[in-house]
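Residue-level structure breakdown
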Amino acid sequence: MTTPEGNVVQRRFSASSRAALKEELEREGNFVLDIRRAEPLGEILRLGAIKRPVKTKHFLTFNQEFLVLVKAGLPILSALDAIIEKGGNAEFVDILKEIRNDVAGGESLSTAFSRFRHIFSNLYVATLRAGEKSGNIAAALTRHIQYLKKVEEIRKKVVSASVYPIILTVVSLFVLVFLLTYVVPTFTKTYFEAGTKLPALTMVLVHVTTGLRENLVLILTLLFLIVAGFYYIRRTETGILYIDSVKLRFPFFGQLYLHYYVSRFARTLAMVLSGGIPLLEAVRISTGTLRNRYMREKLDEVTHLLEQGEGFSRSLSNASVLPELALRMIDAGENSGAMEDVLLDLAEFYESDVETKLAILTSAIEPGLMIIMGLLIGFVVLAMYLPIFQMASTVV
């Protein structure tokens, strides 16, 4: 390929397809002459050594170390050498060695990292490229680290708010299954052998337990088919789009989900724009950080409208995916020329809204689950002990 500087180079990349790689390289200003599949087994194993992005905490640690070394005045090669010598994850160190060798061979830092897009996101590569263009890689790394910390902080709050309800539900279900499959049959067998006349509540429980035991294979088969069907649908493009669109329409949860991704999109866009990346490319990069396929499809429409010369806020309005308040704030930022500040304010607003909704959800769902599970378990215990109370009253 021919680089924007006019150099003809031959490089190896990891990509899902030739078309995707060609589009990505041309978007960066390169002219692609030819694309061929890399055949040597060693190269395939090397590029496939890490198939998923590095964990956020490890990636954050690497960037913090890299930033400290660069700020201390070390050249890029010396900084990479210091991190490589420190060791750590062997596979990640091997990748850093490849990057170090590419930089030593005359490649730019962003180009060297871009060869491993299955590990390093387009956002990170764009951040490095912006730092190179401005001549201040340390400032670019600082912005990216602050961005990673904020995104990880919000993600941890979402996860922590979900942990306790999930644990409570799982434990309660195990207790309920134990009661229905072991305790209830033991009690009912004793009652039937004694010829005890069972109350209506107890008989209801006996019929439910009997039905579960007799149809256990059928129930497990149905559950397996439901899970397998959902998994299959999740692997189809149409299924993913439908499921992700349904997530945004759920009462309360849909709004929480939408606001979380709006805050992430706004913060990412503000960070990329602050690095001097043009709006069109910044929107494309920011869209790529979203995991909701439906929102990504809608925001891809925005990039097409921007290419046709449409205004940013009007393009977002036509996509019909962001809340009305977000559209108004972005329109105001576009008109005033303070887009980055408005996007940061927008991200802060929706992050605060997400935290508030999580607090409400956590405070409501925990007692709600405890009440529901308490009623179910209480029903089982009461149904089992009613015959005992009945016999006791008869004896008296």
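Structural data are supplied above this passage.
1. Regarding the overall build of the chain
Helix and strand content of the chain: 17 helices and 0 strands. Across the chain, every contact between residues at least 6 apart in sequence was considered, and the portion connecting residues at least 24 apart equals 62%. Carbon and sulfur atoms make up 61% of the accessible area of the chain, which amounts to about 22400 Å² in all.

2. Observations regarding unusual backbone geometry
The phi dihedral of Phe252 is positive, around 65 degrees, even though this residue is not glycine. Among the structural elements, Phe252 can be located in the loop between helix H11 (237-247) and helix H12 (253-274). With a relative accessible area of 32%, Phe252 lands in the partly exposed category. Located in the positive-phi region is Ser320, a residue other than glycine, with phi close to 55 degrees. Inspection of the secondary structure assignment puts Ser320 in the loop between helix H15 (312-319) and helix H16 (324-336). For Ser320, a relative accessible area of 54% translates into the label exposed.

3. Here we look at the packing of helix H3 (residues 56-71) against helix H4 (residues 76-86)
It is the contact of H3 with H4, at a shortest axis distance of 9 Å, that shows an interaxial angle of 135 degrees. Between H3 and H4, the angle is such that the two are oblique. For the crossing formed where H3 meets H4, the hand is right-handed. Residue-level contacts link Phe62, Glu65, Phe66, Leu69 and Val70 of H3 to Ile76, Ala79, Leu80, Ala82, Ile83 and Lys86 of H4. When its residues are assigned to classes, the contact of H3 with H4 shows 9 nonpolar, no polar and 2 charged.

4. With respect to the pattern of salt bridges
Within the structure shown, the criterion is met by 16 salt bridges. Between Arg234 and Asp244 there is a salt bridge, and its shortest N-O distance comes to 3.4 Å. Taken as a pair, Arg234 in helix H10 (residues 216-234) and Asp244 in helix H11 lie far apart in primary sequence, 10 residues in all. Looking at Arg234, the relative accessible area reads 30%, which means it is partly exposed. What emerges from the salt-bridge pattern is a single network uniting Lys150, Glu153, Arg267, Glu348 and Glu351.

5. Looking at the packing of aromatic side chains
Tallied over the entire structure, the rule returns 14 aromatic pairs. A centroid spacing of 5.7 Å and a plane angle of 15 degrees characterise the contact between Phe62 and Phe66, whose relative ring orientation is stacked. You can see Phe62 and its partner Phe66 sitting in helix H3, 4 residues apart, about one turn around the helix. Here the two residues Phe62 and Phe66 agree in accessibility, since each one is buried. With centroids separated by 6.3 Å and ring planes inclined at 45 degrees, the aromatic side chains of Phe62 and Phe113 adopt a geometry described as tilted. Highlighted residues: Phe62 in helix H3 and Phe113 in helix H6 (residues 109-114), separated in sequence by 51 residues. The two residues Phe62 and Phe113 agree in class, both being buried.

6. Some details on the packing of helix H8 (residues 137-193) against helix H9 (residues 200-214)
Between H8 and H9, the shortest axis-to-axis distance is 10 Å and the interhelical angle comes to 125 degrees. With respect to each other, H8 and H9 are oriented oblique. The crossing of H8 and H9 is left-handed. Residues Leu180, Thr181, Val184, Pro185, Thr188 and Phe192 of H8 form the contact with H9, whose own contacting residues are Leu205, Val206, Thr209, Leu212 and Arg213. Of the residues contributing to the contact of H8 with H9, the split by class is 7 nonpolar, 3 polar and 1 charged.

7. Thoughts on H4
Of all the residues in H4, the buried ones are Ala79, Leu80, Ile83 and Ile84. All buried residues of H4 fall inside an arc of 135 degrees around its axis, so they share one side. For H4, the exposed residues lying more than 90 degrees away from the buried face are Glu85 and Lys86. For H4, the secondary structure elements touched by its buried residues are H3, helix H5 (90-104) and H6. Gly87, located one to two residues past H4, shows a positive phi value of around 85 degrees.

8. Some points on the nonpolar core
Ranked by internal contacts, the top residues of the largest apolar core, which has 76 residues, are Phe62, Phe66, Ile99, Phe113, Phe120 and Phe312. Dropping the residues within four chain positions of it, Ile99 is found in contact with Leu80, Ala112, Phe113, Phe116 and Phe120. Counting residues in hydrophobic clusters, the runner-up holds 9 residues, among them Leu180, Val183, Val184 and Ala383.

9. A closer look at a nonpolar patch on the surface
A cluster of nonpolar side chains, contributed by Val204, Val208, Leu212, Leu216, Ile219, Leu220, Leu223, Ile226 and Phe379, occupies part of the molecular surface with about 750 Å² of accessible area. Those elements giving two or more residues to the nonpolar patch turn out to be H9 and H10. Ranked by residues supplied to the nonpolar patch, first place goes to H10 with 5 residues. Inspection of the secondary structure puts Leu223 in helix H10.

Calculation notes
- Residues numbered from 1 in each chain as written.
- Predicted model: local features only at pLDDT ≥ 70, side-chain atom pairs only at ≥ 80, totals over all residues.
- Heavy atoms only, no water.
- Helix = DSSP H or I, 4+ residues; strand = E, 2+ residues; numbered from the N terminus.
- Contact = heavy atoms within 4.5 Å.
- Areas by Shrake-Rupley, 256 points an atom, 1.4 Å probe, with all protein chains shown as cover.
- Buried < 20%, exposed > 50% of the residue type's maximum accessible area, 1.4 Å probe, protein only.
- Axes fitted to C-alpha atoms, helices over the stretch in contact; angles between N-to-C directions.
- Parallel < 35°, antiparallel > 145°, perpendicular 65-115°, else oblique.
- Left-handed = near helix turned anticlockwise from the far one by under 90°.
- Nonpolar A, V, L, I, M, F, W, Y, C, P; charged D, E, K, R; others polar.
- Salt bridge = Lys/Arg side-chain N within 4 Å of Asp/Glu carboxyl O.
- Phe/Tyr/Trp six-rings, centres within 6.5 Å; stacked < 30°, edge-to-face > 60°.
- Arc of directions from axis to C-beta.
- Core = buried A, V, L, I, M, F, W, Y, C linked by side-chain atoms within 4.5 Å.
- Patch = residues over 30% accessible without salt bridge, like charges linked within 9 Å, V, L, I, M, F, W, Y side chains within 5 Å.

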